Amino acid sequence: MNEFDLIVIGGGPGGYVAAIRASQLGLKVALIEKRATLGGTCLNVGCIPSKALLDSSEAYHQAKSSFARHGVQIGDVKLDLGTMMARKDSVVKGLTQGVAGLMKKNKVTVFTGIGKLVPPSGATHKVQVGEQTLSAPRVLLATGSEPTRIPTVPFDGKFIVDSTGAIAFDKVPKHLIVIGGGYIGLELGSVWARLGSKVTVLEFLPRIFPLADAEIADAAHKSLMKLGLTFQLETKVESATVQGNEVVVKVTGKTGPAEFRADKVLVAVGRRPYSGGLGLTEVGVKLEERTGVVPVNEDFETNIKGIYAIGDLIPGPMLAHKAEEDGVAFAERLKGIKTKIHYDRIPSVIYIWPEIASVGPTEEEVKKTGREYRVGKFPLLYSPRAKCMDEAEGMVKVLADAKNDKLLAVHIFGPRASDMIAEAVAVMEFGGSAEDIGRICHAHPTLSEALKEAALGVDKRAIHM
Ligand code: NAI
């Protein structure tokens, strides 16, 4: 009864999508998840609750700072953090229940508990979950990632927290120190700054968003400063200790040692694959020692036949949508469909406001390759729709090959950049050029016209600037 064609360990966007697709393709699938609800980090404590809070806090911030400019007078704006948190929780609840429904619909058998591979591994693999032992010729590891720790800044879940703690504060911190100026630090730093916290970001490198295009990151940096965040760059965190009701953070900055005090500290210095406790070494699955990454071949198979891995466990960006693509490709390749993912065309979005969205290499990366390229830029200041929205901050930047105009990359800093980037991804997937975007009719007045104008700008023929 506990024999399956495929056992998936991990019910996040990688694992549950792989389970659905494998089931669609005719496999008998078991899915093991340690949380009581499905959806993994993304739905339970990551992308979804953080975006719910980003949307709510932006609504609050706009009510306070920009409604009056639209001629909307609402008097005193009050924050009801309890309702905001409850709304976030109900969004999460609805979506995780939705995934449970999808498992039923697709006849995937769900087991709740910690899945662990049981040696020896032969033609059939065994996985222990609670009292039960499941077996299948194929096991997919989709256990995701966990926050990287700084040993001298130990999480205590109350004063020093990871992102899970920082989406559930019961009151607005007076002073929040964020260690790490990346995705999590600046998304959640934005949430609490909008809700009234003083936010200080301590970043090790000389700039924030080290993986983003430098010009875009610089524009976002200025915008976040306007929101009230302060940045200490080139700052190494030495330690953090809780003293009474505050945390003392010792750092070495540009001018030497310094000390910061805050009521909460969020540590957001990256994530690492979550591969411990799965019994991987016992069955002989190789991991990269330093990073914990599980190397796989193009079928997502590890060094052990029949054991596969996807998502944050394997190389590539740690993004939910990348894990989903891995999940689909894994299941299809099992059935002999030669699905291939273009990892260089995976979009990435940072949900600060305005948003940052990009696909393809940064300008600095293109420069390094020595490839000749042309750039088109369009500031949102000239976008009629952005003006109507009172959201004319930001720009669209298009990079194209100088010889054949092939679209190399698009970087956007602007409202709803997360939705705008889809067009760029589609054109790149079809091997299109900047001119292709420039010749597509874009509805007026929409933000998407800014992408068209930036694409025309590659050939210095933007119309509206
Ligand atoms: P991150 O890699 O985005 O940023 C970490 C930052 O911390 C970097 O700027 C790094 O230079 C800095 N740093 C590292 N060690 C430090 C230290 N000791 N002191 C001070 N600064 C230090 O990592 P983050 O924000 O933790 O996010 C983890 C991952 O989660 C992301 O890489 C992304 O894959 C995923 N994520 C994606 C989101 C999205 O798609 N919008 C949102 C949130 C997370």
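About the criteria used
- Residues numbered from 1 in each chain as written.
- Predicted model: local features only at pLDDT ≥ 70, side-chain atom pairs only at ≥ 80, totals over all residues.
- Heavy atoms only, no water.
- Axes fitted to C-alpha atoms, helices over the stretch in contact; angles between N-to-C directions.
- Helix = DSSP H or I, 4+ residues; strand = E, 2+ residues; numbered from the N terminus.
- Parallel < 35°, antiparallel > 145°, perpendicular 65-115°, else oblique.
- Left-handed = near helix turned anticlockwise from the far one by under 90°.
- Contact = heavy atoms within 4.5 Å.
- Nonpolar A, V, L, I, M, F, W, Y, C, P; charged D, E, K, R; others polar.
- Domains from an automatic or database assignment.
- Buried area = accessible area lost by both parts, 1.4 Å probe.
- Buried < 20%, exposed > 50% of the residue type's maximum accessible area, 1.4 Å probe, protein only.
- Near = heavy atom within 4 Å.
- Polar contact = N/O pair within 3.5 Å; in protein donor to acceptor, adjacent residues only side chain to side chain.
- Core = buried A, V, L, I, M, F, W, Y, C linked by side-chain atoms within 4.5 Å.
- Expected span 1.5 Å × (residues − 1).
- Phe/Tyr/Trp six-rings, centres within 6.5 Å; stacked < 30°, edge-to-face > 60°.
- Lys NZ or Arg CZ within 6 Å of the ring centre and 35° of its normal.
- Pairing = 2+ DSSP bridges.
- Salt bridge = Lys/Arg side-chain N within 4 Å of Asp/Glu carboxyl O.

S.K.: Quick question: what am I supposed to make of the packing of helix α12 (residues 417-429) against helix α14 (residues 448-457) here?
M.R.: How two helices sit against one another is set out by the angle between their axes and by the gap between those axes. One way to put it is that α12 packs onto α14 with a least axis distance of 9 Å and a crossing angle of 45°. Considered as vectors, α12 and α14 are oriented oblique to each other. The element α12 and its partner α14 pack so that their crossing is right-handed. Contacts between α12 and α14 involve Met420, Glu423 and Ala424 from the first element and Ser448, Ala450 and Leu451 from the second. Looking at side-chain class alone, the contact of α12 with α14 contains 4 nonpolar, 1 polar and 1 charged residues.

S.K.: What should I look at first to understand the domain arrangement of the protein in this one?
M.R.: Here the domain parsing of the protein yields domain 1 (6-145 + 272-343), domain 2 (160-269) and domain 3 (354-457). Placing a centre on the C-alpha atoms of domain 1 and another on those of domain 3 gives a separation of 30 Å. Contacts between the two partners involve 5 residues from domain 1 and, on the opposite side, 5 residues from domain 3. Here domain 1 packs against domain 3, burying approximately 350 Å² in sum over the two surfaces, 22% of which is carbon and sulfur.

S.K.: What am I meant to see in the side chain of Ser50 here?
M.R.: By the element assignment, Ser50 lies in helix α3 (residues 47-65). The class of Ser50 is buried, set by a relative accessible area of 6%. Dropping the residues within four chain positions of it, Ser50 is found in contact with Ile167, Glu187 and Leu188.

S.K.: Any chance you could explain the site of the ligand here in plain terms?
M.R.: Taken together, 22 residues lie around the ligand, and Ile184, Glu203, Gly270, Met318 and Val349 are the ones closest in. Interatomic distance of 3.1 Å between a backbone N/O atom of Tyr183 and an oxygen atom of the ligand. A distance of 2.8 Å separates an oxygen atom of the ligand from a polar backbone atom of Ile184. Of the residues forming the shell around the ligand, the biggest block, 4 residues, is contributed by helix α6 (residues 183-194). Its residues assigned to classes, the shell around the ligand comprises 14 nonpolar, 5 polar and 3 charged.

S.K.: Looking at this model, I keep getting lost on the nonpolar core. Mind explaining?
M.R.: Within soluble globular proteins, side chains that are nonpolar tend to cluster in buried spots. Grouped together as the largest cluster of nonpolar side chains are 52 residues, with contacts concentrated most on Ile7, Leu141 and Phe330. Among the elements that take part in this core, helix α1 (residues 13-24) stands out by supplying 6 residues, more than any other. When sequence neighbours within four positions are dropped, the list of residues in contact with Ile7 reads Ala30, Ile32, Val127, Leu134, Ser135, Ala136, Arg138, Val139 and Leu140.

S.K.: Before we go on, may I ask you to explain helix α7 (residues 214-227) in this structure?
M.R.: Since the α-helix turns once every 3.6 residues, residues separated by three or four places project in the same direction. Counted at 1.5 Å a residue, the expected span for α7 with its 14 residues is 20 Å, and the 20 Å between its end C-alpha atoms agrees. Residues of α7 that are buried: Ile216, Ala217, Ala220, His221, Ser223 and Leu224. The elements touched by buried residues of α7 are α6, β12 (230-232), β20 (355-359), β22 (395-401) and β23 (407-414). Where α7 terminates, the next one or two residues include Gly228, which has phi positive at roughly 115°.

S.K.: What is the right way to read the packing of aromatic side chains from this model?
M.R.: Any two aromatic rings considered together are summarised by their centre-to-centre distance and by the angle between their planes. In total, this model carries 4 aromatic pairs according to the counting rule given. Look at Phe4 and Phe111: their rings are 6.0 Å apart centre to centre, the planes differ by 90°, and that puts the pair in the edge-to-face class. Here Phe4 is found in the segment before β1 (6-9), whereas its partner Phe111 is found in strand β3 (residues 109-112), with 107 residues between them in sequence. Since its relative accessible area comes to 5%, Phe4 is described here as buried. In this structure Phe111 comes out as buried when scored by relative accessible area, which is 11%. Of note, Lys28 hangs over the ring of Phe4, and the distance from its end group to the ring centre comes to 4.9 Å.

S.K.: Teacher, can you tell me more about the sheet that holds β3 here?
M.R.: Adjacent strands of a sheet form backbone hydrogen bonds with each other and so pair up, either parallel or antiparallel. Taken together, the 5 strands give an open sheet; going across it, the order is β3-β2-β1-β7-β18, and neighbouring strands pair in parallel fashion. Unpaired on one side and paired on the other, β3 and β18 (307-309) mark the two borders of the sheet. Neighbour to neighbour, the strand axes of the sheet diverge by 20° on average, direction disregarded. Pairing of strand β2 (residues 29-33) with β3 involves 4 bridges; the strand directions are parallel. Looking at the pairing, Leu31 lines up with Val110 of β3. The strands that α1 touches are β1, β2 and β7 (138-141); relative to β2, the one it contacts most, it runs at about 170°.

S.K.: Just checking my understanding: could you explain the sheet that holds strand β15 (residues 256-262) for this structure?
M.R.: Ordered by their spatial adjacency, 3 strands build an open sheet running β13-β14-β15, and the pairing between neighbours is antiparallel. Looking at strand neighbours, the two that pair on one side only are β13 (236-243) and β15, the edges of this open sheet. Here the strands of the sheet are splayed against their neighbours by 20° on average, with no regard to which way each runs. Here β13 runs beside strand β14 (residues 246-253); their pairing, made up of 7 bridges, is antiparallel. Each bridged residue has a counterpart across the sheet, and for Lys236 the counterpart in β14 is Thr252.

S.K.: Where do I start with the pattern of salt bridges in this structure?
M.R.: Any two side chains of opposite charge can pair, so long as their charged atoms come close to each other. Per the stated rule, a full pass over the model turns up 26 salt bridges. Note that Asp213 is salt-bridged to Lys397, the shortest N-O span being 2.8 Å. Taken as a pair, Asp213 in the loop between β11 (198-202) and α7 and Lys397 in strand β22 lie far apart in primary sequence, 184 residues in all. As far as the burial class goes, Asp213 and Lys397 line up, both buried. Taking the shortest distance from any N to any O, the salt bridge between Arg461 and Glu435 comes out at 3.6 Å. Residue Arg461 is located in the segment after α14, and its partner Glu435 is located in helix α13 (residues 434-439); the two are separated by 26 residues in the primary sequence. In this structure Arg461 comes out as partly exposed when scored by relative accessible area, which is 28%. Salt bridges sharing partners connect three or more residues here, namely Arg374, Asp405, Glu435, Arg439, Asp459 and Arg461.

S.K.: Is there a simple way to explain the side chain of Thr143 in this structure?
M.R.: Relative to the assigned elements, Thr143 resides in the loop between β7 and β8 (145-147). A distance of 2.7 Å separates a polar atom in the side chain of Thr143 from the backbone oxygen of Tyr274.

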